[in-house]
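Listed below are the residues making up each chain.
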Amino acid sequence: VLAEASGIDLGVQVAAEADGQGAVVYAVTAGGPADRAGIKASDMITAVAGHPVADPSSLASVLSALPPGQKVAINVVHPDGSAATVTLTLGELPG
């Protein structure tokens, strides 16, 4: 799972976008931070807190610098090509 290395839980599992333009969400944890913010499977995360996200590794890197509990803006592109910015509160992985 993506966020384990950083200790931050977004409540998503992501895969790399073929063109390196973001991290594609393929699973959303029900009731998790992303679910509460309206992020859906097939959305592509392109930025977090103003930092570009090219792939799952860059997403993990950005998250590792942020504290749990912080509210952040997440830029997403929906499957239909429309873009949105959602705000969510970063969760913390148990343990």
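Residues numbered from 1 in each chain as written. Predicted model: local features only at pLDDT ≥ 70, side-chain atom pairs only at ≥ 80, totals over all residues. Heavy atoms only, no water.

As for its position among the elements, Asp-43 is in the loop between helix H1 (33-37) and strand E4 (44-48). Excluding residues within four positions of it along the chain, Asp-43 makes contact with Ala-23, Val-24, Val-25, Gly-38, Val-76, Val-77, His-78 and Pro-79. (Helix = DSSP H or I, 4+ residues; strand = E, 2+ residues; numbered from the N terminus. Contact = heavy atoms within 4.5 Å.)

Here the focus is the pairing of strand E6 (residues 71-77). Side chains of E6 alternate between two faces, with Val-72, Ile-74 and Val-76 buried and Lys-71, Ala-73, Asn-75 and Val-77 left unburied. In this structure, E4 lies alongside E6, joined through 4 bridges in antiparallel fashion. Note on E6: the bridge partner recorded for Met-44 is Val-77. What sits between E6 and strand E7 (residues 83-89) in their antiparallel hairpin is a turn of 5 residues, with Gly-81 showing a positive phi close to 95°. (Buried < 20%, exposed > 50% of the residue type's maximum accessible area, 1.4 Å probe, protein only. Pairing = 2+ DSSP bridges.)

Before going further, it helps to examine the environment of Asp-19. Here Asp-19 lies in the loop between strand E2 (12-16) and strand E3 (23-28). Between the C-alpha atoms of Asp-19 and Ala-54, which are 35 residues apart in sequence, the distance is 8.7 Å. Of the polar contacts made by the side chain of Asp-19, one reaches the backbone nitrogen of Gln-21; its length is 3.1 Å. (Polar contact = N/O pair within 3.5 Å; in protein donor to acceptor, adjacent residues only side chain to side chain.)

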